[in-house]
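Spelled out from the first residue to the last, the chains are:
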Amino acid sequence: MTAAVTYEHIKTCKQTGARLGIVHTPHGSFETPAFMPVGTQATVKTMSPEELKAMNAGIILSNTYHLWLRPGNDIIKEAGGLHKFMNWDRPILTDSGGFQVFSLSEFRNIKEEGVHFRNHMNGDKLFLSPEKAMQIQNDLGSDIMMAFDECPPFPATHEYMKSSVERTSRWAERCLEAHERKADQGLFGIIQGGEFEDLRKQSARDLVSLDFPGYAIGGLSVGEPKDVMNRALEFTTPLMPADKPRYLMGVGSPDSLIDGAIRGIDMFDCVLPTRIARNGTLMTSTGRLNIKNAAFKRDFGPIDDKCDCYTCKNYSRAYVHHLIRADETFGIRLTSYHNLQFLLNLMGQVRQAIREDRLGDFREEFFEAYGFNKP
Ligand SMILES: COC(=O)c1ccc(CCNc2nc3cc4nc(N)[nH]c(=O)c4cc3[nH]2)cc1
Ligand SMILES: [Zn+2]
């Protein structure tokens, strides 16, 4: 049986370890390195599918935990699956719920069979297991499903991390069995181990031996310093198969996307662009700005004169300043559109820099213009 999700390597940048590739899925292909806009509740907040296509989003992410609780995976299955339900006919990746349980709900009790916790909306007692997480994602019909894992907090002791990694590896096996390798859905394993090189090696060895079609690096972007993340990537990505996608979960900011690509990461996701857009924070080629600042009251130029997005082509800083100050929903649409386009454009520039074997130079130029301190 042909694998549902495959990776096509195009080239590796001669100046860095970054690679250009294509991921093929039942709902189409997307170029990598790729940023996945996050649509937690079956919508990338305030954006229509047509607008996401216009900004060249190749794949979006949604969440098992949220859709299980509301509206319910049974309803989405009856609707014909998540693609039909949300009118998105390109690839969808669903996270498995592990992280959301730990980041959202009170009182959780991790056992071998799964996690007991409370519904973060009404306090009801709930239970999520590898088998349940597989069944929900099978009902949603996502192209890429994630294994059910534990994402330990940062920092964690080596002792705690070791027992967590070993349980996550046992859970990964149960996910594979429960998934029965459904033909049209690819299941990715998630490598854990925190900042510990020996545990990352152990987790990678366990999961790579299970022959998943792709692998994620979990347990990062949980409050650790950037150099801890970068070092973890440096000793983890070489352990991952070169012929399969590498997905860094929960990342991220422009500098982390570039530094992750340089270390061989192909896929990224983060709520950052749409979440900061809601309070008026915008990413521009010369750094971040908050549009609510009084300085923009009479600024009739675009958000970013180097951006070709719908917002920058049609509206001024003064107008967006007014809308956000007036708490107008259209203002949040305009800031969300720009921030998503900014990151999707950045990934296009990263892919072009790989084609030209100059991602290291591009990093210097981008960091200089954006105001990131030098490496
Ligand atoms: C304004 O910006 C924000 O609100 C904001 C919020 C959260 C993150 C960090 C998200 N980080 C993150 N997401 C993650 C999702 C994960 N899923 C699984 N299954 N396993 C993991 O090990 C895992 C780790 C993650 N780390 C970054 C930014
Ligand atoms: Zn723009």
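These notes cover the structure that comes with them. (Residues numbered from 1 in each chain as written. Chains lettered and ligands numbered in written order. Predicted model: local features only at pLDDT ≥ 70, side-chain atom pairs only at ≥ 80, totals over all residues. Heavy atoms only, no water.)

### Some words on the sheet that holds strand β7 (residues 109-110)
Think of a sheet as strands paired side by side through backbone hydrogen bonds, with each pair either parallel or antiparallel. One open sheet holds the 3 strands; their spatial order is β7-β8-β9, and the pairing between them is antiparallel. The sheet is open, and its two borders are formed by β7 and β9 (125-128), each paired with just one other strand. With 4 bridges connecting them, strand β8 (residues 115-118) and β9 associate as antiparallel partners. Directly across from Val115, in β9, lies its bridge partner Leu128. (Pairing = 2+ DSSP bridges. Helix = DSSP H or I, 4+ residues; strand = E, 2+ residues; numbered from the N terminus.)

### With respect to the pairing of strand β11 (residues 186-191)
In terms of burial, β11 is largely enclosed, as 6 of its 6 residues are buried. Side-chain alternation along β11 places Gly186, Phe188 and Ile190 on one buried face and Leu187, Gly189 and Ile191 on a second face that is also buried. Two strands pair when backbone bridges link them, and strand β10 (residues 144-146) and β11 are joined in this way by 3 bridges, in the parallel orientation. By the bridge assignment, Met145 is partnered in β11 with Leu187. Bridge count between β11 and strand β12 (residues 214-217): 4 bridges; the pairing is parallel. Pairing of Gly189 across the sheet is with Tyr215, part of β12. Note on the crossover from β11 through helix α8 (residues 197-208) to β12: the handedness is right-handed. (Buried < 20%, exposed > 50% of the residue type's maximum accessible area, 1.4 Å probe, protein only. Right-handed = clockwise from strand over helix to strand, strands pointing away.)

### Notes on unusual backbone geometry
Residues other than glycine predominantly adopt negative phi, and peptide bonds predominantly adopt the trans conformation. Cis geometry is adopted by the peptide bond preceding Pro33, which originates at Thr32 and carries an omega value of 5°. Looking at where Pro33 falls in the secondary structure, it is placed in the loop between β3 (28-32) and β4 (34-37). The omega torsion of the bond from Arg70 to Pro71 falls at 10°, within 30 degrees of zero and hence cis. Tracing the chain through its elements places Pro71 in the loop between α2 (64-69) and α3 (73-78). Backbone geometry at Asp211 places phi at a positive 60°, although glycine is not the residue there. Counting through the fold element by element, Asp211 comes out in the loop between α8 and β12. Asp211 gets classed as partly exposed once you look at its relative accessible area, which sits at 47%. A positive phi is found at Asp327, a non-glycine position, where the angle reads about 55°.

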